[in-house]
Amino acid sequence: MPADAAAARSLGSGPRLGRLASTAGLAVLWLLLLVFVIYPLVMLLLRAFETDGHVRLAPLIATITNSNTLRALRNSLELALLVGVAGTLIGLMFALAAERANLGRRAAKLIDLATLLPLISPPFTTSIAFVFSFGPRGLITYDLLGLKNVQVYGLTSTFAAETITYFPIAYLALRPMLASISSSFEEASFSLGGSRWHAFRTVTLPLIRPALANAFLLLFGFSLADFATPLILSGSDFSVLPTEAYLQITGMFDLQGGAILSLLLLVPAGLVYYAQERFIGDRSYVTVTGKAATASRRDTVSMTARILLIFGCVAMTVLIVYFYLLLFYASIVMAFGANSTLTLEHYHVIFTEGLPAIEDTLIIALIGMPLGGLYGIIVGYLVGRTRIRGRRAMEVISMLNYALPGTIVGIAYLLAFNDKPLELTGTATILIACYVFRYSPTGIRTTIALLQQIDRSMEEASASLGASNLTTFRRVMLPLILPAFFAGLGVVFIRSMTAISATIFLVSINWTLITVKILENMTEVALGPAAAFSVFVIAVVLVVTSLLNLALKRLTAPTLRVDSIGA
Amino acid sequence: MGLSAVFHHERRGDVTAVEALDLDIQPGEFLTLLGPSGCGKTTTLRMIAGFQPPSAGRILFGAEDVTDLAANQRDIGFVFQNYALFPHLSVFENVAYGLRVKRRNAAEIGARVAEGLLQVGLQGMGDRMIAELSGGQQQRVALARAIAVKPRVLLFDEPLSNLDAQLRVQMRTEIARLQAELAITTIYVTHDQEEAMAVSHRIAIMQGGRIAQVGTAEDLYQRPASHFVAGFLGSTNMVRATVAGAESGAVILDVAGFRWQLATAQEFAVGQTVEAVVRPESLAFAAAGHGLDGVVESRVYLGAKAEYVVRCNGQTMQVVQANPVSGRLYAVGEAVCLQLPPAGVQLLRIDG
């Protein structure tokens, strides 16, 4: 309704100065989006197709028809498919256990914690633990089974590590859906004479099918874009596209080849995005998460199924806890697998030699965090509440860097900011910008979702009582979207501490990151410091997110409290 | 030129929600906009509030033209259908909101909020959070918040539609009492005719974006200007008749062969077809030959009254028999005779 547009305008006509300021602010926002989202992508496309000032398809064709490329593409797809299926199934198992198996409160909490760990860890934590456990000197392979010269690298371990890393995403996508389906449906089916299994198969499963598809596509996308796990675990025989692109650029200094390889990722990534929009879209929409579950019974599975579910979840949780304990153990012994004398040497190393990386990472994360949080609620408010021109375009553009695989974004930034007019390579700015524009969309999405729950009459009520637009925003809207702001802060901070796929292309001698240091340590087989760095990152992330949660609780009214930080 | 609101609809083109509406409301008056859903009553209210600009026409508060003023500059109090209370603020802070925006000092705010809460019967509840209140209490907070700023105009948008029946009756009495006390010009929107009749000084019945009739509840009920108004306010029998004779102060009507003498100030020509608005409670059972003959089709006994549907010559008539204890009850299938009232019936001309 265009009348709404006029209404929004007439709600409160601020002074002319205010309007001027908001126009200027909007212009700055658009400029930032152009510089940090559109421009790098245009540069990437130009670089991929341009040779000596002409558009040439020869490099593209050469890359596509290259048997190495084709194998990497096939490997990427195969890996993503496997991770998608396995991760969704494990996620479903956890979601069922949490929502239907009548777990005690403490057990449910433990499951939540176990699934949270992989989400807040550096991306290759599981990979490192995998090497510790199953590598040539691994705890299980070498110490326990006595196997010599075990080959840990390849599809199997990459697949297993990615599944453990990403299944919590499927769990988070499936659980609210299960919670929103009242178990009275299952009770109804059961009361009509069907078995528990029959009820699950004919009632529950069809209802959560969209959520299952969504979870699969999410995992497929994450695995496709995952850079860190294959870099450590895939080895030389099992190459995937993101690592190929990285090696092309850092090993062979072939920027054009790297650009083309990264763009190849765009094809399956685009298809996944299309499938999500086209086939799932609104159907996986969950209205009020969690609420339905409080009223309904949670023990609608048979005894056998319950035991199986609990056993599966406990096994998985034990595995995750084992991996993290192993990581911690590796950080406090002299040499993992060889000398198990306890020592703080590795921590000493990371706080002396590794100190610059720690300082740089913290500075970047702490600067990026407020910027990203602010950017998230501003864009979310503009897109979700106002009627400004081009808000749809703004929404799509603001999501781009988030939706694209990190490798693409990293290479695009590298190409865009290497030369004049915007020479930012080697600065902290480029790293902060990369994190802010890549990881704020969570804040944007949360803001939009919260705004959808706030009726427009709230603003009208404020206006009718004499408040200007600015006052209404400050006194009514801002407090109500505060949880989204904190969610934005949390995600940007966590990712600034842990992400690597895009920023590995952007680090320099002046500004480097802990994650890059961990990777270097792994390639130099300095396993101790790598483990110590990982433990340090996890600890920092846990402390900071706890502080953010605490601050959020202090700042919001008790009735509005939402647990929105963490994932 | 009256007030109009035209909306653009993607598929249906321009849709006129309110058309050339002209309404004059007296200072301190309680006026209700009453009509079926989609009649434009809420749109009219939102234009008066300033949430929506009219496509044509002016809105005046007293002598001041407020058409181009934004809602926050109109000095109004608005009570929303869903209350629109701020969930992050306490009861006190919700009521104080408008005063804080206007930068009143703390002492005044404290006094005005306490007064407002007292007026709606929520004294001592200032520290509660909104979520801790019942629906009726939330409604009271919304009311207190609107009157705390001492607005020039008080606007209600179906404020009672979320409450249960009993609470609705209680709240509408309180709203009417409060309005009389404060003497703030009030415009109230509802689709509930009983509610409208209970609270208002005058009612404006709306139909299809236009005002069908404005008047007191008695005016509208006893002298409806159109078929729509007659049918919308209360239940009624529309009895078709031909004017068989006319003299000053009375007409003789022919109702399917029965001659009905009716005292009326309205004037008609002999031979004209009219519709008589005969209310169910104005019909009475009589001895044969004194009215319309019919057969009882159904009966609902409700204690204080009995409701009948009687079929007379192909027309069904609703009849309400008050205090059935003193009379006799008629059975379904029984032949009866309905006596038409000798006066107090509105006659509507039928054109063509």
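All values reported here derive from a predicted model rather than from experimental measurement.

Each value, and the rule that gives it
Residues numbered from 1 in each chain as written. Chains lettered and ligands numbered in written order. Predicted model: local features only at pLDDT ≥ 70, side-chain atom pairs only at ≥ 80, totals over all residues. Helix = DSSP H or I, 4+ residues; strand = E, 2+ residues; numbered from the N terminus. Contact = placed C-beta atoms within 7 Å. Buried ≥ 20, exposed ≤ 12 C-beta atoms within 10 Å, placed from the backbone. Pairing = 2+ DSSP bridges. Axes fitted to C-alpha atoms, helices over the stretch in contact; angles between N-to-C directions. Left-handed = near helix turned anticlockwise from the far one by under 90°. Nonpolar A, V, L, I, M, F, W, Y, C, P; charged D, E, K, R; others polar. Parallel < 35°, antiparallel > 145°, perpendicular 65-115°, else oblique. Expected span 1.5 Å × (residues − 1). Arc of directions from axis to C-beta.

Draft legend 1. Geometry of the overall build of chain A. Along the backbone of chain A there are 25 helices and four strands. Here the contacts in chain A between residues at least 6 apart in sequence split such that 80% fall between residues at least 24 apart.

Draft legend 2. Spotlight on the overall build of chain B. Regarding its fold elements, chain B presents eight helices and 20 strands. In terms of principal-axis extent, the alpha carbons of chain B reach across some 75 × 50 × 45 Å. Going through the 352 residues of chain B one by one, you find that 39% of them count as buried. Counting only contacts in chain B whose residues sit at least 6 apart along the sequence, the fraction spanning at least 24 positions is 63%.

Draft legend 3. View of the pairing of strand S19 (residues 335-339) of chain B. All names here are of chain B. Of the strand pairs in this sheet, strand S15 (residues 284-286) and S19 are connected by three bridges, and their pairing is antiparallel. When the bridges of S19 are listed, Phe-285 appears paired with Leu-338. Where strand S16 (residues 292-301) meets S19, four bridges bridge the pair, whose relative direction is antiparallel. What sits directly across from Val-295, in S19, is Ala-335.

Draft legend 4. Representation of unusual backbone geometry. Residue and element names in this part refer to chain B. The phi torsion at Ala-84 lies on the positive side, around 50°, for a residue other than glycine. Position of Ala-84 relative to the elements: it lies in the loop between strand S6 (76-79) and helix H2 (91-101). Exposure remark for Ala-84: the 25 C-beta atoms within 10 Å place this residue in the buried category. One non-glycine residue with positive phi stands out, namely Ala-183, at about 55°. Along the polypeptide, Ala-183 turns up in the loop between helix H5 (165-182) and strand S8 (185-190). For Ala-183, a count of 11 C-beta atoms within 10 Å translates into the label exposed.

Draft legend 5. Quick peek at the packing of helix H17 (residues 355-384) of chain A against helix H23 (residues 469-498) of chain A. Residue and element names in this part refer to chain A. Running from N to C, H17 and H23 cross one another at 145°; their axes reach a closest spacing of 8 Å. For the pair H17 and H23, the sense of crossing is right-handed. Of the residues in H23, those in contact with Thr-361, Ile-364, Ala-365, Gly-368, Met-369, Pro-370, Gly-372, Gly-373, Gly-376, Ile-377 and Gly-380 of H17 are Ile-481, Ala-484, Phe-485, Gly-488, Leu-489, Val-492, Phe-493, Ser-496 and Met-497. Residues belonging to the contact of H17 with H23 are distributed by class as follows: 12 nonpolar, eight polar and no charged.

Draft legend 6. Quick look at the sheet that holds strand S11 (residues 237-247) of chain B. All names here are of chain B. If you trace the five strands from one edge of the open sheet to the other, you get S13-S12-S11-S14-S20, paired in antiparallel fashion. Both edges of this open sheet fall to strand S13 (258-263) and strand S20 (346-349), since each of them pairs with a single strand only. Shown here is a sheet whose adjacent strand axes are inclined to one another by a mean of 40°, direction ignored. As paired elements, S11 and strand S14 (residues 273-278) share six bridges and run antiparallel to each other. Considered in S14, the bridge of Asn-237 is made with Val-278.

Draft legend 7. The arrangement of the packing of H17 of chain A against helix H20 (residues 428-439) of chain A in detail. Residues and elements named next belong to chain A. The N-to-C vectors of H17 and H20 enclose an angle of 40°; their axes lie 9 Å apart at closest approach. Relative to H20, the element H17 lies oblique. Viewed along their axes, H17 and H20 form a crossing whose handedness is right-handed. Each of Ile-363, Ile-364, Ile-367, Gly-368, Leu-371, Gly-372 and Tyr-375 in H17 lies in contact with H20, whose residues at this interface are Ala-428, Leu-431, Ile-432, Tyr-435, Val-436 and Tyr-439. Residues that form the contact of H17 with H20 fall into these classes: 11 nonpolar, two polar and no charged.

Draft legend 8. Looking closely at helix H3 (residues 106-119) of chain B. Residues and elements named next belong to chain B. Between its first and last C-alpha, H3 extends 20 Å over 14 residues, near the 20 Å set by a 1.5 Å rise per residue. When H3 is considered as a whole, its buried residues turn out to be Ile-109, Arg-112, Val-113, Gly-116 and Leu-117. Buried residues in H3, looked at end-on, bunch into an arc of 130°, giving them a common side. Structural note: H3 exposes Ala-107, Glu-108, Ala-111 and Leu-118 on the side pointing more than 90 degrees away from its buried face. In this structure, the buried residues of H3 make contact with H2 and helix H4 (135-148).

Draft legend 9. Geometry of the environment of Val-301 of chain A. One can find Val-301 of chain A in the loop between helix H14 (291-295) and helix H15 (303-332). When the C-alpha positions of Val-301 of chain A and Phe-200 of chain A are compared, they lie 8.2 Å apart, and in sequence the two are 101 residues distant.

Draft legend 10. Just the environment of Val-113 of chain B, in detail. Residues and elements named next belong to chain B. Assignment of secondary structure puts Val-113 in helix H3. For Val-113, a count of 22 C-beta atoms within 10 Å gives the class buried. A sequence separation of 54 residues divides Val-113 from Ile-59, and the C-alpha atoms of the two residues are 30 Å apart. Residues within four places of Val-113 in sequence aside, it is in contact with Phe-92, Val-95, Ala-96, Gly-126 and Ala-148.

Draft legend 11. Representation of the pairing of strand S12 (residues 250-255) of chain B. Residue and element names in this part refer to chain B. Residue alternation in S12 divides its side chains into a buried set, Val-251, Leu-253 and Val-255, and an unburied set, Ala-250, Ile-252 and Asp-254. Remark: two residues form the turn of the hairpin made by S11 and S12, two consecutive strands paired antiparallel; Gly-249 in that turn has positive phi of roughly 85°. Sheet analysis places S12 next to S13, joined by six bridges and oriented antiparallel. By the bridge assignment for S13, Val-251 is matched with Leu-262. Between the antiparallel neighbours S12 and S13 lie two residues, among them Ala-256 with a positive phi of about 45°.

So, to be careful, I would describe these as geometric facts and stop short of saying anything about function.
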